[in-house]
Amino acid sequence: MEMSQREHRIYNPAVECISRDELHQLQSERLVATVKREYENVPMYRARMDAAGVKPEDIRGVDDLKYLPFMEKTDLRDYYPFDLLASPKSEIVRIQGSSGTTGKPIVSGYTRNDIEIWSEMMARTLTAAGATKDDVVQVTYGLGLFTGGFGAYQGADKIGAMVIPMSSGNTNRQIMMMKDLGTTLLCCTPSYATYLGETIREMGIDPNKDLKLKAGCFGAEPWTEEMRKRIEELLGIDACDIYGLTEISGPGVAFECLEKHGMHINEDHVIAEIINPATGEQLPYGKPGELVFTTITKTGMPMLRYRTHDICTLTDEKCECGRTLARMGRITGRTDDMLVIRGVNVFPSQIESVLVRADGVAPHYMLIVDRVNSSDTLEVQVEMTEDMFGDTVSHIENIRKYITDQIKSVVGIASKVTLVAPKSIPRSEGKAKRVIDNRNLH
């Protein structure tokens, strides 16, 4: 019997619905093996463990994870390109990484085993969004060094779906292929999904009548519940959040099901912790803090206690979908992307949460931070909608004042809000650039 798109599909129930006790035992066995592999094959981490007075035999299971030293993104730059490999170069079949706009890029080596595991994690991700072998998956993440495009492609291929590997760019062609080939599931950044939806509407296309889209898997940048609602209204779909890092395995580390109450972590392959970012102390489930991941099946370049700098919470409560895997909440900010303005911690996501609730403005904005007379300033540029652009000056001013007041209430500091013309803020087909900080120019 054909299932409706809102009935929950599970790719690998034996693991995704495993008991917490069985999972703990599986994680412990895999962690012990990974620590031994890392200690024996990666001189940097061996030296770090020795300095901390920790030997592989001291790690007997998940409960001993807290004794291991952390790893950071700077480690991948400092030991670039191959000094963190735990497998011989002859066994590395793929290199993925960041684009590296400044200095050396972040690269990670994948063995055949790593690619297979990553593909299954993405197969679980797409299945949770309702995808089957009968679906048409359009991938508009870039197909290159960035993991997004290959991850989505591999997952769709794993479940046997038809894949359209469009990569990024050429919005009109994206929409043409979406319409002509009957795309049912879209994979891209949430900001580009919004742009696609707006363009589709402007072209006079009714997604509910002219397209076959039913769901989308969106990630690679933080987004809010309000932005989810906007995407779902524009495209007439279920918008599911996904999470991943090149250093861990790319997209598919965690994924939402159609319940949309947090992202299920593929805990048979990674262990998640929440720590106090200032002290490194482990925090209990439900407490917000910095997300830390340990890979327990990756063989090419394992990561032990890798600090993501993403802020969120974890829960191990069973989901209505039937999965028992722990869930991570939506990313609320980053410890390294946090702006400190006049002594106040400001996250771009806080500003976005205000803008997406305001009438008459589009979800496209830019934060410009500067310093005038030794004092920090914050300007928030946000686009007006076409309707509001032609409205009365007094109405526009009322909207501007409302946004100004709301930002001060949420963030705690005053800002200058500038309403700009529709489509005047640059669009991105990759990760959206939201912040320009000019303070280092003074």
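The rules behind each value
Residues numbered from 1 in each chain as written. Predicted model: local features only at pLDDT ≥ 70, side-chain atom pairs only at ≥ 80, totals over all residues. Heavy atoms only, no water. Buried < 20%, exposed > 50% of the residue type's maximum accessible area, 1.4 Å probe, protein only. Helix = DSSP H or I, 4+ residues; strand = E, 2+ residues; numbered from the N terminus. Arc of directions from axis to C-beta. Pairing = 2+ DSSP bridges. Axes fitted to C-alpha atoms, helices over the stretch in contact; angles between N-to-C directions. Parallel < 35°, antiparallel > 145°, perpendicular 65-115°, else oblique. Left-handed = near helix turned anticlockwise from the far one by under 90°. Contact = heavy atoms within 4.5 Å. Nonpolar A, V, L, I, M, F, W, Y, C, P; charged D, E, K, R; others polar. Salt bridge = Lys/Arg side-chain N within 4 Å of Asp/Glu carboxyl O. Disulfide = S-S within 2.5 Å. Polar contact = N/O pair within 3.5 Å; in protein donor to acceptor, adjacent residues only side chain to side chain.

Engineer: Before we move on, can you summarise helix α10 (residues 225-235) with the specific residues and values?
Structural biologist: Turning to α10, its buried residues number three or more, namely M227, R228, I231, E232, L234 and L235. Buried residues along α10 cover an arc of 165 degrees about the axis, so they all sit on one side. What points out from α10, more than 90 degrees from its buried face, is the exposed set K229 and E233.

Engineer: With reference to specific residues and values, describe the sheet that holds strand β21 (residues 435-437).
Structural biologist: Spatial ordering of the open sheet is given by β20-β19-β18-β21, a layout of four strands whose pairing is mixed. Whereas interior strands pair on both sides, the edge strands pair on one side only; in this sheet they are β20 (416-420) and β21. On average, adjacent strands in this sheet sit at an angle of 20 degrees to one another, irrespective of strand direction. Two elements, strand β19 (residues 375-384) and β20, share five bridges in a ladder whose sense is parallel.

Engineer: Any details on the packing of helix α11 (residues 348-355) against helix α13 (residues 393-411)? Residues and values, ideally.
Structural biologist: Their axes nearest at 9 Å, the elements α11 and α13 cross at an angle of 140 degrees. Between α11 and α13, the crossing angle belongs to the class labelled oblique. α11 and α13 meet at a crossing whose hand is right-handed. On α13, the residues touching Q350, I351, V354 and L355 of α11 are I403, Q406, I407, V410 and V411. For the contact of α11 with α13, the class distribution of residues is seven nonpolar, two polar and no charged.

Engineer: Residues and numbers for the pattern of salt bridges, please.
Structural biologist: Counted by the stated rule, this structure contains 29 salt bridges. Measuring nitrogen to oxygen at the nearest pair gives 3.9 Å for the salt bridge that ties K73 to E247. Taken together, the positions of K73 in helix α4 (residues 73-78) and E247 in the loop between β7 (238-245) and β8 (250-256) put the pair 174 residues apart, joining distant regions of the chain. R228 is paired through a salt bridge with E225; the nearest N and O atoms lie 2.9 Å apart. Highlighted residues: R228 and E225, both in helix α10, separated by three residues, approximately one helical turn.

Engineer: Lay out the pairing of β19 in plain terms, naming residues and giving numbers.
Structural biologist: Counting buried residues along β19, seven of its 10 residues qualify, which places the element largely inside the surrounding structure. Inspection of the sheet shows strand β18 (residues 361-372) paired to β19 by nine bridges, in the antiparallel sense. Bridge pairing in β19 links V369 to L378. Where β18 folds back on β19, the antiparallel hairpin that results is connected by two residues, among which N373 adopts a positive phi of roughly 50 degrees.

Engineer: Help me get a handle on the state of the cysteines, residues and values and all.
Structural biologist: Summed over all chains, the structure comprises zero disulfides. Free cysteine C312: the closest other cysteine sulfur is in C319, separated by 16 Å.

Engineer: Describe the sheet that holds strand β11 (residues 289-295), naming the residues involved and giving the relevant values.
Structural biologist: On the basis of which strands lie adjacent, the open sheet formed by four strands has the order β10-β11-β12-β15 and antiparallel pairing. At either end of the open sheet lies a strand with only one pairing partner, and these are β10 (270-275) and β15 (333-334). Pairing of β10 with β11 involves six bridges; the strand directions are antiparallel. Note on β11: the bridge partner recorded for I274 is L291.

Engineer: Residue-level account of the side chain of E247, with values.
Structural biologist: The exposure class assigned to E247 is buried, which follows from its relative accessible area of 6%. A polar side-chain atom of E247 sits 2.4 Å from a polar atom in the side chain of Y306. Among residues more than four places away in sequence, those in contact with E247 are K73, L76, I106, S108, K298, M301, M303 and Y306.

Engineer: So, the packing of helix α7 (residues 171-180) against helix α8 (residues 190-202): which residues are in play, and what are the values?
Structural biologist: Relative orientation of the contacting elements α7 and α8 amounts to 75 degrees, with a least axis distance of 11 Å. The angle between α7 and α8 places the two elements in the roughly perpendicular class. Contact residues: α7 offers T171, N172, Q174, I175 and M178, while α8 offers Y192, Y195, L196, T199 and I200. Across the contact of α7 with α8, the residue classes tally to six nonpolar, four polar and no charged.

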